[in-house]
Amino acid sequence: MLLHIPEVFTKAEVKALRQTLDAGPWADGNMTSGHQSASAKKNQQLPEDSPQAREVSALVVQALNANPMFVSAALPHTIFPPLFNRYEGGGEFGTHVDNAIRQRGEHRIRSDLSATLFLSEPEDYDGGELIIEEMYGAQSIKLPAGDLVLYPSKSLHRVTPVTRGARVSSFMWLQSLIRDDADRESLFRLDVAIQRVNLDKGPKDAAVIELTGVYHNLLRRWSEV
Ligand SMILES: O=C(O)CCC(=O)C(=O)O
Ligand SMILES: [Fe+2]
């Protein structure tokens, strides 16, 4: 499932984050690539240990953990520290699949989900669409600054050349409590449905209580903690 999560950050927050990021020591983007994706990648990244990357990375994780739609859809186990990239002057990222395992120091995660948080407004650059190949065909994603797209790490994806302006974003991987995409999507849809019934009938309604029990019992069966 591919999910658009609006307004992870407000416009004012994006502006402040961008001020920090833009002052950082941007470098060639091939520092986090696997062998195949390195040949496909033409962009810049902030070194993960730079103070700017560390500061904004922590804010991104904090905002995501406080975002109910993100938590419900991703059911995060561990979010690998978000990174930052910039494409300009024809920069692009050819078709690739993300590495299955990410390691930093002694932390190792399996990448179940990938996400891009857009930090440039779409009208400020041409190109830079994130094209994700899904079962039903390719989806082209270009979101307002502050919005995020969440997608299964197993999907082939690419970023089209940026021919005007610059596209700055935060990109990240996470391990989910639920490894299987279909199981995770079912839990998300069940949660959304429970919230709707809850709004309609209130939290003491027998159906809401029963369905909430089913949600937690499925989570208990399927989660890896
Ligand atoms: O820039 C993006 O939106 C995606 C980046 C990406 O696919 C990657 O770094 O693996
Ligand atoms: Fe990727």
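Not measured: the values here are computed from a predicted model. (Residues numbered from 1 in each chain as written. Chains lettered and ligands numbered in written order. Predicted model: local features only at pLDDT ≥ 70, side-chain atom pairs only at ≥ 80, totals over all residues. Heavy atoms only, no water.)

## A look at the UniProt feature "binding site: 2-oxoglutarate" (unreviewed entry) in the protein
Part 1 of the reasoning: Mapped onto the present numbering, the UniProt feature "binding site: 2-oxoglutarate" (unreviewed entry) falls at Arg167.
Part 2 of the reasoning: Overall, Arg167 belongs to the buried group, its relative accessible area being 1%.
Part 3 of the reasoning: Beyond its immediate sequence surroundings of up to four residues, Arg167 is in contact with Asn85, Arg86, Tyr87, Thr116, Phe118, Ser120, Tyr125, Gly128, Leu130, Val159 and Val162. (UniProt positions renumbered as here; feature names shortened; annotations may be inferred. Buried < 20%, exposed > 50% of the residue type's maximum accessible area, 1.4 Å probe, protein only. Contact = heavy atoms within 4.5 Å.)

## Overview of helix H1 (residues 11-22)
Part 1 of the reasoning: For H1, built from twelve residues, the straight-helix expectation of 16 Å at 1.5 Å per residue is met to within 8% by its first-to-last C-alpha distance of 16 Å.
Part 2 of the reasoning: Among all positions of H1, only Val14, Leu17, Thr20 and Leu21 are buried. All buried residues of H1 fall inside an arc of 125° around its axis, so they share one side. Away from the buried face of H1 by more than 90 degrees, exposed residues Ala12, Lys15 and Gln19 are located.
Part 3 of the reasoning: Lining the buried residues of H1 we find helix H3 (51-65) and strand E6 (83-88). (Helix = DSSP H or I, 4+ residues; strand = E, 2+ residues; numbered from the N terminus. Expected span 1.5 Å × (residues − 1). Arc of directions from axis to C-beta.)

## Some details on empty space enclosed by the protein
Part 1 of the reasoning: Going through the model one piece at a time under the given rule, you end up with two cavities of 30 Å³ or more.
Part 2 of the reasoning: Approximately 70 Å³ is the volume found for the second largest cavity.
Part 3 of the reasoning: In terms of lining residues, the second largest cavity is bounded by Met1, Ala73, Leu113, Leu150, Pro152, Asp181, Arg184 and Glu185.
Part 4 of the reasoning: Going through the elements one at a time, strand E14 (148-152) and helix H5 (181-201) are the ones with two or more residues in the lining of the second largest cavity.
Part 5 of the reasoning: For the lining of the second largest cavity, the per-class residue count stands at five nonpolar, no polar and three charged.
Part 6 of the reasoning: Two domains each provide a minimum of three residues to the lining of the second largest cavity, namely domain 1 (3-176) and domain 2 (181-222). (1 Å grid on protein atoms, 1.4 Å probe; cavity = no way out; pocket = protein on both sides within 12 Å on 5 of 7 lines; lining within 4 Å. Points joined across faces, edges and corners; volume = space filled by probe spheres on them. Nonpolar A, V, L, I, M, F, W, Y, C, P; charged D, E, K, R; others polar. Domains from an automatic or database assignment.)

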